[in-house]
Amino acid sequence: LYFSNLSAKYILQKKLNFDVAWVYYITDFPFSFFDFPVVLYLVGFPRVKSEYREAFLLQYSDISSINENIINKWNDILDIKINKFSLLKQGITKSVDIEQNYFKKDDGNFNILFVGRLIQRKGILDLCEIAATLCKEFENVRLFIVGEGEQREDIQNYISNNNLGKYIFLLG
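Since the model is a prediction, treat every value here as computed from it, not as a measurement.

Q: Residues and numbers for the layout of surface pockets, please.
A: A volume near 250 Å³ is recorded for the second largest pocket. Elements with a minimum of two residues in the lining of the second largest pocket: strand E2 (38-42) and helix H2 (51-57). A per-class count over the lining of the second largest pocket returns ten nonpolar, one polar and four charged.

Q: I'd like to hear about the pairing of strand E1 (residues 20-23), residue by residue, with values.
A: Residue alternation in E1 divides its side chains into two sets, Val20 and Trp22 and Ala21 and Val23, and both sets are buried. Sheet topology places E1 next to strand E5 (residues 110-115); four bridges connect them, and they run parallel. Residue pairing for E5: valine 23 is matched across the bridge by valine 115. Relative to E2, E1 runs parallel, the two sharing three bridges.

Q: How would you explain the side chain of arginine 142 if you had to name every residue and give the values?
A: Relative to the assigned elements, arginine 142 resides in strand E6 (residues 141-146). Although arginine 142 lies buried, it forms no salt bridge, and the closest oppositely charged side chain, glutamate 139, sits 6.8 Å away as judged by the N-O distance. Residue contacts for arginine 142: discarding those within four places in its chain leaves Asn109, Phe110, Asn111, Ile112, Lys166, Tyr167 and Phe169.

Q: Got a sec to walk through the sheet that holds E2? Specific residues and values, please.
A: Strand order in this open sheet of seven strands is E4-E3-E2-E1-E5-E6-E7, and the pairing throughout is parallel. Every interior strand has two partners, whereas the edge strands, strand E4 (86-87) and strand E7 (168-170), have only one. With respect to the sheet, helix H4 (residues 124-137) is in contact with E5, E6 and E7, its orientation differing from that of E6 by roughly 160 degrees.

Q: Could you give an account of helix H1 (residues 2-14), with specific residues and numbers?
A: Taking 1.5 Å as the rise per residue, H1 with 13 residues should run 18 Å; its terminal C-alpha atoms sit 18 Å apart, in good agreement. Listed in full, the buried residues belonging to H1 are Ser4, Ser7, Ala8 and Ile11. Along the axis of H1, the buried residues cluster in a sector spanning 95 degrees; they form a single face. Within H1, the exposed residues directed more than 90 degrees away from the buried face are Tyr2, Lys9 and Gln13. One or two steps after H1, the chain reaches lysine 15, where phi turns positive at roughly 55 degrees.

Cut-offs applied
- Residues numbered from 1 in each chain as written.
- Predicted model: local features only at pLDDT ≥ 70, side-chain atom pairs only at ≥ 80, totals over all residues.
- Heavy atoms only, no water.
- 1 Å grid on protein atoms, 1.4 Å probe; cavity = no way out; pocket = protein on both sides within 12 Å on 5 of 7 lines; lining within 4 Å.
- Points joined across faces, edges and corners; volume = space filled by probe spheres on them.
- Helix = DSSP H or I, 4+ residues; strand = E, 2+ residues; numbered from the N terminus.
- Nonpolar A, V, L, I, M, F, W, Y, C, P; charged D, E, K, R; others polar.
- Buried < 20%, exposed > 50% of the residue type's maximum accessible area, 1.4 Å probe, protein only.
- Pairing = 2+ DSSP bridges.
- Lys, Arg positive; Asp, Glu negative; His and termini not counted.
- Salt bridge = Lys/Arg side-chain N within 4 Å of Asp/Glu carboxyl O.
- Contact = heavy atoms within 4.5 Å.
- Axes fitted to C-alpha atoms, helices over the stretch in contact; angles between N-to-C directions.
- Expected span 1.5 Å × (residues − 1).
- Arc of directions from axis to C-beta.

None of this, on its own, says anything about what the molecule does.
Below, the structure written as structure tokens:
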């Protein structure tokens, strides 16, 4: 919660706006008051019921999961049911299909926000490679990364070595 509050304050203070925020952990960024959707990506499930989880789940614009089994496990534990969700296979991978029209916006940049720990399991370097590919085809794509972790230096090096400083922003 401390991390999510810091992130939200930073975004509000800097008056940043994004087209989507992608979140991996239920307390990373549970804010529905932003003008952009905040998507929670469920890759696991809790073993016991906890009241706070339902309150947090209701704050997200959308919920995505690696498979229906994860959603079913959450639904077994919660009083509320997750009925609306999308499926996206494990993590961010370089094999993501690119729909060209998705990134063509009349109002300027297409801003993507990642909020989470910078660890290998999250696929941040793959996300940076995807952003680099998109930037070559669509100059209006921007990736903003909020978080800290053991991969920070690797990400900084990737951005620097590939001259992506005007497309990918590591905000800390």
